[in-house]
Amino acid sequence: ASIAKGLGIPRKYLELYDVFKRADSEIQAILTKKREIGSITKGMANMAGVKDANLGKVMSPAPLKGHKVLIDSGVIACKGVGTGIAYLVNKVEDLNNFPDRAILIARHISPKFVTAMNKAAAIVTDVGSATGYMASLARDFHVPTILNTKTATKLITSGMEITVDAFNGNVYEGRVDEVIELGQKRENLFKNTHVFKILEEA
């Protein structure tokens, strides 16, 4: 409720926000379980209750071959896939001109990033912790986020098209349709779940 109040959410929606937070926690737990199953089975997707054999390939943390990997390390704060033009944020004022569906690249994390989270396709930073306040905000907004990469601002420049795979912790140069497609399949795993129905009602 304190986060909700900080974001200016009206009192009448606080109870709904609490339901959302509980549902989000369940989603993160499900995603983690899917990742662990995929890492162990290396493609045996049926063990995760998924009949599409191709989906198992995404669950391996190894980068896809044939695509340039810019970053393959860091801490995943919010799972998902995002693609778009990179936009470096060096100071708070840079957020005023943040383009729609761009990928926010920064050295440090900041709660002030919340002003751009409704536009961001993903967030990648040099430093940061998945337990911090900004990481919590990223999960609230469901923005794929990789923190503590150490080299994001050195390897990625504004205007570069990149694909962020925040399921496996990889950032690719250019648009990688295979990652985007498989990321969408991961999201679709929830469409018939109880958690998804709660979110849909919310």
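In case you missed it, the structure is sitting above this.
Residues numbered from 1 in each chain as written. Predicted model: local features only at pLDDT ≥ 70, side-chain atom pairs only at ≥ 80, totals over all residues. Heavy atoms only, no water.

### Description of unusual backbone geometry
Look at Arg 101: it is not a glycine, yet its phi comes out positive at around 65°. With respect to the helices and strands, Arg 101 occurs in the loop between strand E3 (81-89) and strand E4 (103-106). Note on Arg 101: relative accessible area 48%, which makes it partly exposed. Of note in the backbone geometry, His 142 takes a positive phi value of approximately 55° without being a glycine. With respect to the element layout, His 142 can be found in the loop between helix H4 (133-141) and strand E6 (145-147). (Helix = DSSP H or I, 4+ residues; strand = E, 2+ residues; numbered from the N terminus. Buried < 20%, exposed > 50% of the residue type's maximum accessible area, 1.4 Å probe, protein only.)

### Describing the pattern of salt bridges
A side chain of one charge can pair with a side chain of the opposite charge when the charged atoms of the two come close. Counted under the stated rule, the structure contains three salt bridges. Ionic pairing is found between Asp 94 and Lys 91, a salt bridge with its closest N-O pair at 3.3 Å. The salt bridge partner of Arg 107 is Asp 126, with a shortest N-O separation of 3.5 Å. Taken as a pair, Arg 107 in the loop between E4 and strand E5 (122-125) and Asp 126 in the loop between E5 and H4 lie far apart in primary sequence, 19 residues in all. (Salt bridge = Lys/Arg side-chain N within 4 Å of Asp/Glu carboxyl O.)

### Details of the nonpolar core
Counting 20 residues, the largest nonpolar core has Val 89, Phe 98, Leu 104, Phe 113 and Met 117 as its most contacted members. Residue assignment for this core shows that the elements contributing at least two residues are E3, E4 and H4. The dominant element in this core, judged by the number of residues it contributes, is H4, at four residues. Residue contacts for Phe 98: discarding those within four places in its chain leaves Tyr 87, Ile 103, Leu 104, Ala 116, Lys 119 and Ala 120. (Core = buried A, V, L, I, M, F, W, Y, C linked by side-chain atoms within 4.5 Å. Contact = heavy atoms within 4.5 Å.)

### Some words on the packing of aromatic side chains
Enumeration according to the criterion identifies one aromatic pair in this entry. Ring plane angle 85° and centroid distance 5.3 Å describe the contact between Tyr 87 and Phe 98, whose orientation is recorded as edge-to-face. Taken together, the residues span a long stretch of sequence, with Tyr 87 in strand E3 and Phe 98 in the loop between E3 and E4 at a distance of 11 residues. Neither residue differs from the other here; Tyr 87 and Phe 98 are each classed as buried. (Phe/Tyr/Trp six-rings, centres within 6.5 Å; stacked < 30°, edge-to-face > 60°.)

### Some remarks on the environment of Lys 154
Within the fold, Lys 154 resides in helix H5 (residues 152-155). Under the relative-accessibility criterion, Lys 154 is labelled exposed at 68%. Between the alpha carbons of Lys 154 and Asp 126 there is a distance of 8.9 Å; along the sequence they are 28 residues apart.

### Description of the environment of Phe 98
The buried category is assigned to Phe 98, whose relative accessible area is 2%. Considering only alpha carbons, one finds Phe 98 and Ala 120, 22 residues apart in sequence, at a separation of 8.2 Å.

### Section: the side chain of Thr 149
Checked against the element boundaries, Thr 149 lands in the loop between E6 and H5. Assessed through its relative accessible area of 3%, Thr 149 is described here as buried. Within the local environment of Thr 149, its side chain forms a polar contact with the backbone nitrogen of Ala 152, the two atoms lying 3.3 Å apart. When neighbours within four sequence positions are excluded, Thr 149 is seen to be in contact with Ile 71, Ser 73, Gly 74, Val 124, Thr 125 and Asp 126. (Polar contact = N/O pair within 3.5 Å; in protein donor to acceptor, adjacent residues only side chain to side chain.)

### Overview of the sheet that holds strand E7 (residues 161-165)
An order of E1-E8-E7-E3-E4-E5-E6-E2 is seen for the eight strands of this open sheet, with the pairing classed as mixed. Of all the strands in the sheet, the pair left with one neighbour each is strand E1 (69-71) and strand E2 (75-78). Going across the sheet, the axis of each strand differs from the next one's by a mean of 30°, ignoring polarity. Bridging between E2 and E6 involves three bridges; their strand directions are antiparallel. Bridging across to E6, Ile 76 finds its partner in Ile 146. Sitting on the sheet, H4 is in contact with E2, E5 and E6, with an inclination near 50° to E2. (Pairing = 2+ DSSP bridges. Axes fitted to C-alpha atoms, helices over the stretch in contact; angles between N-to-C directions.)

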